[in-house]
Amino acid sequence: MVEEKNSITFYDYPITDSKEIREIRKNIWETLFYCFKENRGEVVKVIDEYKPEYRNRNPKIIDFDLSLLIPFISEHFSSKSFNETCVVNDLINSLNREKEITDLSYQKLVSKFNTLEYRNFRKIDWNRLRDKDEYDYTDWRKYEELKTENLKKNFTFSGSENFNSFFDLIENILKVSKNSNSQIENSIDIIISENFKNNNEVGFSLLKQYLDKNYNIRTLYKTLFTINNSTKEWSLSLWELLKKWRNDNSIHWKLDSLVRLPKEHIDKYYYNEALDTIQSINKPSYLYLDQFTKFDVIKKGFLKKVINIISLKIENESTRITFSDYPFTDGLDIFIEDYALIKKSYFQQFEFGKTGLSFDYQKKGFKNFYNKYPKFLLDFFSHFYTKYDVHRDVKSLDISFIWDNPKDTINIENIIKLLIEKEQYIGLGEHSVSALFHSLKSDEQKENAFVFIKGFITKNAFDSDYIQIIFDTVKECLIEKYEELLHHFFNLNSALDFFKKIDWIGNAGVQMGEVIWGELYAKKWTNLLESVDKFHNKLAIIPIKSHIKSKIQEQYRRAESERMMKFIMPNRF
């Protein structure tokens, strides 16, 4: 990296093959080998991170490294250590992709480290990148089909006598999972699911023993679906098993099982169990609420009860429970006109969405809510935009639909006045008022917003706070109408003293490279002068034009001073 004044340049210098470089690398390798006896695990970890293909490397240097590394591995690594066996095989796979190296001595390691334990590991391990060499496919989606057939072939059990070997494989994979791209849960899910399909008793027993192991592995969604959609009796057995299971993640398994429960299996028992389960949530969870509407078959209003439980748990226990955009997008009727609950739930989910997974990304829920309850717009801005929030981004709040048919202009005007009153503005970034005008899409939206702003200027032409914010907003969101609105303002108020109260050119912001700030601001004042000069009443704006010209000259003098300082003290800039 080279840093020069205000610019930074990054370079990638390839290592050349020289006598000096080889000597340095030899010393490094020999020092590493020396540490092996006392720090075996750490040395193995360093060798595991030696992956030539991650960057374009000089093949001659790789050949030199291998002349030192391969003899050491052959002598000191043990095929009885599963971790070391995996490290060696990963290195072999990596080197096989190097097309220009000539030292192929690493291939002699295959006979020693291609152990039965490793071959079984390869059968169950789910690694698209490495398995590309083994399975013939071009479409990555084809991999799942091929891998599934292989898993069914190798891991379909006739009884429980082979379960332990299966669990040994899982434990081996978990030992090395941090250093691989394994997605072992995919394989486990397929194996247990397919075993249940093949023999319900064997598959269920396999799941039970798997749960008893308490592995820190995600929920097996395919298995839950398969068992729940077999018979009501097996579905009930699964539920009872999950209820008895003592595990930190059991709540997620139960919630996901309820999602995959067929509607025809639902009865009063499951209805109460679902409510009790949601009430028992005590850790961050995500719910697909649209999948819980099926419980209305027992009693209407189920989802409203669920949302009320979630809302109270968030409020009283600070439990992070997030859910899908439904019902805000197309299920508001489930709230039965309970505006307070809808609003509180939406606010809670929106708050979570600012620091995690995006909630109501396209604002379809917001639009649906606003169309039914126009007062929601004022409540929303009052809650989220009247105080400083580090996570707030006005540009990401796309609510341009409020300008499709702005019948509620009084409400919008009150929001603007509230935001201007509550939020101190110093010219850096955008004021929250601009959130109302961002991402205007259609000509109709732009015209409606323009008419509103024009009327707002008419009403507030002598209030400097309002004029400051509204023109800053126009520059950000409706720049093509800036000049027309400026002239409209001059028709109402062309007093020089008032004009001076407004920061018309704003802050230049962050600039890259060599910058003469005086020139930059002089240009901004010049652009303003060009717009002012087009105003029809030339006499009325003579004082304003004179003021702008003085500002331009002031900035050019500043520019000359900047150049002088850079000449006298270049190291300061």
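Residues numbered from 1 in each chain as written. Predicted model: local features only at pLDDT ≥ 70, side-chain atom pairs only at ≥ 80, totals over all residues. Heavy atoms only, no water.

Participant: I keep staring at the nonpolar core and nothing clicks. Help me out?
Facilitator: The tendency in soluble globular proteins is for nonpolar side chains to be buried side by side. If you look at the biggest cluster of nonpolar residues, it comprises 100 residues, and the most contacted ones within it are Phe-380 and Phe-381. Those residues within four positions of Phe-380 in sequence are excluded, and the remaining contacts are Tyr-346, Phe-347, Phe-350, Phe-366, Tyr-385 and Leu-397. (Core = buried A, V, L, I, M, F, W, Y, C linked by side-chain atoms within 4.5 Å. Buried < 20%, exposed > 50% of the residue type's maximum accessible area, 1.4 Å probe, protein only. Contact = heavy atoms within 4.5 Å.)

Participant: What should I look at first to understand the packing of helix α9 (residues 163–176) against helix α11 (residues 200–213) in this one?
Facilitator: Each pair of packed helices gets described by two things: the angle between the helix axes and the distance between those axes. Where α9 contacts α11, the two axes come as close as 11 Å, and the packing angle between them is 40 degrees. By the angle between their directions, the pair α9 and α11 is classed as oblique. When you trace α9 past α11, the crossing you get is right-handed. Of the residues in α11, those in contact with Phe-163, Phe-166, Phe-167, Ile-170 and Glu-171 of α9 are Val-202, Ser-205, Leu-206, Gln-209, Tyr-210 and Lys-213. Residues of the contact of α9 with α11, tallied by class, amount to seven nonpolar, two polar and two charged. (Axes fitted to C-alpha atoms, helices over the stretch in contact; angles between N-to-C directions. Helix = DSSP H or I, 4+ residues; strand = E, 2+ residues; numbered from the N terminus. Parallel < 35°, antiparallel > 145°, perpendicular 65-115°, else oblique. Left-handed = near helix turned anticlockwise from the far one by under 90°. Nonpolar A, V, L, I, M, F, W, Y, C, P; charged D, E, K, R; others polar.)

Participant: What's the story with helix α19 (residues 376–384) in this structure? I'm lost.
Facilitator: Counting along an α-helix, one turn takes 3.6 residues, and residues three or four places apart therefore face a common direction. Every buried residue belonging to α19 is among Phe-376, Leu-377, Phe-380, Phe-381 and Phe-384, and all of these are buried. Across the axial projection of α19, the buried residues extend over an arc of 125 degrees, all falling on one side. Where α19 is buried, its residues touch α17 (339–353), α18 (364–372) and α20 (409–422). (Arc of directions from axis to C-beta.)

Participant: Help me out: how do you make sense of unusual backbone geometry in this one?
Facilitator: Phi is mostly negative for residues that are not glycine, and the peptide bonds are mostly trans. With an omega of 15 degrees, the peptide bond between Tyr-326 and Pro-327 qualifies as cis. Its location among the elements puts Pro-327 in the loop between β4 (321–323) and α17. A positive phi angle, near 60 degrees, is found at Glu-337, a position not held by glycine. Position of Glu-337 among the secondary structure elements: in the loop between β4 and α17. Its identity as a non-glycine residue notwithstanding, Ser-439 has a phi of 60 degrees, on the positive side. By secondary structure assignment, the location of Ser-439 is in the loop between α20 and α21 (443–459). By relative accessible area, which is 34% here, Ser-439 ends up partly exposed.

Participant: Honestly, the packing of aromatic side chains in this entry has me stumped. Any pointers?
Facilitator: What describes a pair of aromatic rings is the distance from one ring centre to the other and the angle between the planes of the rings. The tally for this structure, following the rule as stated, stands at 64 aromatic pairs. Considering the side-chain rings of Phe-33 and Phe-72, the 4.0 Å spacing of their centres and the 10 degrees angle between planes classify their relative orientation as stacked. Of this pair, Phe-33 sits in helix α1 (residues 19–34) while Phe-72 sits in helix α3 (residues 59–76); the two residues are 39 residues apart in sequence, bridging distant segments of the chain. The buried category is assigned to Phe-33, whose relative accessible area is 17%. Aromatic pair Tyr-286 and Tyr-288: ring centres 5.0 Å apart, planes at 75 degrees, arrangement edge-to-face. Under the relative-accessibility criterion, Tyr-286 is labelled partly exposed at 36%. (Phe/Tyr/Trp six-rings, centres within 6.5 Å; stacked < 30°, edge-to-face > 60°.)

Participant: Mind showing me how you'd approach the environment of Lys-60 here?
Facilitator: Topologically, Lys-60 is positioned in helix α3. The class of Lys-60 is exposed, set by a relative accessible area of 53%. When the C-alpha atoms of Lys-60 and Leu-91 are compared, they prove to be 17 Å apart, with 31 residues separating the residues in sequence. If we ignore the near neighbours within four places in the chain, the residues touching Lys-60 are Asp-17 and Arg-22.

Participant: Just to check I follow, could you spell out the environment of Arg-122 for this structure?
Facilitator: With respect to the helices and strands, the residue Arg-122 is situated in helix α6 (residues 116–124). What makes Arg-122 buried here is its relative accessible area of 17%. The sequence separation of Arg-122 and Leu-169 amounts to 47 residues, and the corresponding C-alpha distance is 9.6 Å.

Participant: What exactly am I supposed to notice about the pattern of salt bridges here?
Facilitator: In total, this model carries 28 salt bridges according to the counting rule given. Lys-197 is the salt-bridge partner of Glu-194, the closest N and O atoms lying 3.5 Å from each other. Separated by three residues within a single helix, Glu-194 and Lys-197 lie in helix α10 (residues 184–198), roughly one turn from each other. For Glu-194, a relative accessible area of 16% translates into the label buried. Across the salt bridge formed by Glu-317 and Lys-313, the nearest N and O atoms sit 2.9 Å from each other. Placement of both Glu-317 and Lys-313 in helix α16 (residues 302–317) is noted, with a separation of four residues, approximately one turn of the helix. Residue classification places Glu-317 among the partly exposed positions, given a relative accessible area of 45%. The class of Lys-313 is buried, set by a relative accessible area of 4%. Because the salt bridges share partners, they merge into one network encompassing Asp-333, Glu-337 and Lys-372. (Salt bridge = Lys/Arg side-chain N within 4 Å of Asp/Glu carboxyl O.)

Participant: Is there a simple way to explain the confidence of the model for the chain in this structure?
Facilitator: The predicted coordinates should not be examined in detail at positions where pLDDT is low. When pLDDT is averaged along the chain, the result is 90; 91% of the residues meet or exceed 70. Taken together, the stretch residues 1–7 has pLDDT below 50 and engages in twelve contacts with residues farther than four places along the chain or on a different chain. (pLDDT = per-residue confidence, 0-100.)

Participant: Sorry if this is basic, but what is going on with the packing of helix α12 (residues 221–228) against helix α14 (residues 250–259) here?
Facilitator: In contact at an axis separation of 9 Å, α12 and α14 are set at 50 degrees when each is read in the N-to-C sense. With respect to their mutual orientation, α12 and α14 come out oblique. Every pair of crossing elements has a handedness; the one defined by α12 and α14 is right-handed. For the pair formed by α12 and α14, the contact residues are Tyr-221, Leu-224 and Asn-228 on the first element and Trp-253, Asp-256 and Ser-257 on the second.

Participant: It is not clear to me how the environment of Ser-464 should be interpreted in this structure. Could you clarify?
Facilitator: Its location among the elements puts Ser-464 in helix α22 (residues 464–477). Overall, the relative accessible area of 22% leaves Ser-464 in the partly exposed class. Residues Ser-464 and Ile-502, spaced 38 residues apart in sequence, show a C-alpha to C-alpha distance of 6.6 Å. Here Ser-464 is in contact with Phe-498, Lys-501 and Ile-502, once residues within four sequence places are set aside.

Participant: I would appreciate a short explanation of empty space enclosed by the protein in the present structure.
Facilitator: To find leftover empty space, one rolls a probe the size of a water molecule over the atoms. Counted under the stated rule, the structure contains two cavities of 30 Å³ or more. As for the largest cavity, its lining consists of Tyr-210, Leu-211, Asn-214, Tyr-215, Ile-217, Trp-245, Asn-247, Asn-249 and Trp-253. For the lining of the largest cavity, the class distribution of residues is six nonpolar, three polar and no charged. (1 Å grid on protein atoms, 1.4 Å probe; cavity = no way out; pocket = protein on both sides within 12 Å on 5 of 7 lines; lining within 4 Å. Points joined across faces, edges and corners; volume = space filled by probe spheres on them.)

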